[in-house]
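# Analysis of the macromolecular model
Each chain, letter by letter, is given below.
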Amino acid sequence: MIAFPPLQIFRRRHPGVAAALALLASAAVVAAVPEPANAQQPATATASASAAKTGYAEVNGLRLDYAVHGDLASKQTPLLVLHGAFMSGEAMAPFVTPFAASRPVITIDARGHGRTGKVRGALSYDQMADDAVAVLASLGIKRADVLGYSMGGSTAIAMAVRHPDRVGKQVIISGAASLDGWIPEVLAGIAQMTPEMFAGTPMETEYKRLSPTPDAFPDLVAAIKHIDATPFAFSDAQLRAIPGRTMVILGDADGVTFDHASSCSSCAAAATSRPRRRVS
Amino acid sequence: MTAAPKARLSILPATSHIGVMAEAPTIAAQVIPFLDDATPPMPAGFF
């Protein structure tokens, strides 16, 4: 586990919470990771800085913020990049630049996050998957490859299960197909989180910088606690029915268990190809 | 293995959940061939 200065303080006072925070994704926390000496890009580079097109889509009663990097009119399959909890599309800049050179890349600020603003009610992976598909549709994209990190990884799985004809390949980075894919201690730590524990952290600072509802960070904390305490599970049969190819990526000290990631990959490998419906 | 597999699994060494975000260049080098349906390279000298 990489130690971050704010987490070192938390770890002494709230060891469970420290573990949970260390496992939750934050763009700004990532910015705290020491950059290699030969790094060419500042760690705080943002995805929208090079965006060709930014805007929002009116979907499912929300104004979901998005950014498009590259030319959607190109013949390359677009890549949709989904961020993790307490992050934003901007936070996924490290995963935009390498891909945008060869295909259009779309980032979204999930409901409750970034420029999309205050979360209304509970978060769910199904709902966020439907949001993402609606944004793609609003951009005229019939099918996209999807790369999701952490919460975004679980959302990507939900997309492929619920909207298989809209998803090409999927890349699941440190994401789970079920709540029990997480290490129990991580979930226990998340359950102890309070908004006050984030005071002054880059996570809170970034939220306030981006959000149209900067005072609503406590609502986001509550929503993340709720989704991480709410059982969900995509079955092996559902994973095997996903028509697109899947890549699963995990750290060997991740919050998602190796057994879970391996099982997800095995299900994807056992998937039987079936014709896709034509998407109009 | 001579064809592009249906699924790929990558485990990053000494990498935490958040640490994964610092491994974007490594991950991109693995993911781009996956997205592009590149077949794994076949070394010479075996078959």
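Above this text sits the structure in question.
Overview of the structure. None of the values given here were measured: they were computed from a predicted structure.

Within chain B, the regular secondary structure consists of one helix and one strand. Looking at chain B as a whole, 40% of its 47 residues qualify as buried. Of the roughly 2,600 Å² of accessible surface on chain B, 65% is carried by carbon and sulfur atoms.

Another point: the interface of chain A and chain B. Listed as interface residues are 50 residues of chain A and, on the opposing side, 29 residues of chain B. Summed over both sides, the interface between chain A and chain B buries roughly 3,200 Å², with carbon and sulfur atoms accounting for 69% of that surface. Among the residues chain A hides against chain B, the three largest losses belong to A:K169, A:R245 and A:M247. Together they make up 19% of the total. Among the salt bridges present, the one from B:D37 reaches A:R245, with a minimum N-O distance of 3.8 Å.

To continue, consider unusual backbone geometry. Residues apart from glycine generally show negative phi values, whereas peptide bonds are mostly found in trans. Not every positive phi belongs to a glycine, and A:S174 is a case in point at roughly 50°. With respect to the helices and strands, A:S174 occurs in the loop between strand 6 (167-173) and helix 7 (184-191). Positioned with a positive phi, B:D37 is a non-glycine residue whose angle comes to about 60°. With respect to the secondary-structure elements, B:D37 resides in the segment after helix 1 (24-35).

On to the packing of helix 5 (residues 125-138) of chain A against helix 6 (residues 151-162) of chain A. Between two packed helices, the angle of one axis relative to the other and the distance separating the axes together describe the packing. Residue and element names in this part refer to chain A. Axis separation between helix 5 and helix 6 bottoms out at 8 Å; the angle between their running directions is 70°. Classified by the angle their axes make, helix 5 and helix 6 are roughly perpendicular. Side by side, helix 5 and helix 6 meet where Y125, D126, M128, A129, D130, A132, V133 and L136 of the first sit next to M151, S154, T155, A158, M159 and R162 of the second. Class assignment of the residues belonging to the contact of helix 5 with helix 6 gives a composition of nine nonpolar, two polar and three charged.

A separate point is the sheet that holds strand 2 (residues 62-69) of chain A. Here we have eight strands laid out as an open sheet, ordered 1(A)-2(A)-4(A)-3(A)-5(A)-6(A)-7(A)-1(B), and mixed in their pairing. Single-partner strands in this sheet number two, and they are strand 1 (53-59) of chain A together with strand 1 (7-16) of chain B. Averaged over all pairs of adjacent strands, the angle between strand axes in this sheet comes to 20°, irrespective of strand direction. Pairing of strand 5 (residues 144-149) of chain A with strand 6 of chain A involves five bridges; the strand directions are parallel. Counterpart to A:G148 in the pairing with strand 6 of chain A is A:I172. Taken strand by strand, helix 4 (residues 93-100) of chain A contacts strand 2, strand 3 (79-82), strand 4 (105-108), strand 5 and strand 6 of chain A, and its axis lies near 165° from that of strand 4 of chain A.

As a further point, take the nonpolar core. Among the nonpolar cores identified, the biggest contains 63 residues, and A:L80, A:F86 and A:M159 are the most heavily contacted of them. Of all the elements, helix 5 of chain A adds the most residues to this core, at eight residues. Among the nonpolar cores identified, the runner-up in size contains 25 residues, and A:F95, A:V96, B:V20 and B:F34 belong to it.

Turning our attention to helix 1 of chain B. With 12 residues, helix 1 of chain B should reach 16 Å at 1.5 Å per residue; the first-to-last C-alpha distance of 15 Å fits that figure. Here the buried face of helix 1 of chain B lies against strand 3, helix 4, strand 5, strand 6 and strand 7 (246-253) of chain A together with strand 1 of chain B. Downstream of helix 1 of chain B by one or two residues, B:D37 has phi in the positive range, about 60°.

Criteria and cut-off values
- Residues numbered from 1 in each chain as written.
- Chains lettered and ligands numbered in written order.
- Predicted model: local features only at pLDDT ≥ 70, side-chain atom pairs only at ≥ 80, totals over all residues.
- Heavy atoms only, no water.
- Helix = DSSP H or I, 4+ residues; strand = E, 2+ residues; numbered from the N terminus.
- Buried < 20%, exposed > 50% of the residue type's maximum accessible area, 1.4 Å probe, protein only.
- Areas by Shrake-Rupley, 256 points an atom, 1.4 Å probe, with all protein chains shown as cover.
- Contact = heavy atoms within 4.5 Å.
- Buried area = accessible area lost by both parts, 1.4 Å probe.
- Salt bridge = Lys/Arg side-chain N within 4 Å of Asp/Glu carboxyl O.
- Axes fitted to C-alpha atoms, helices over the stretch in contact; angles between N-to-C directions.
- Parallel < 35°, antiparallel > 145°, perpendicular 65-115°, else oblique.
- Nonpolar A, V, L, I, M, F, W, Y, C, P; charged D, E, K, R; others polar.
- Pairing = 2+ DSSP bridges.
- Core = buried A, V, L, I, M, F, W, Y, C linked by side-chain atoms within 4.5 Å.
- Expected span 1.5 Å × (residues − 1).

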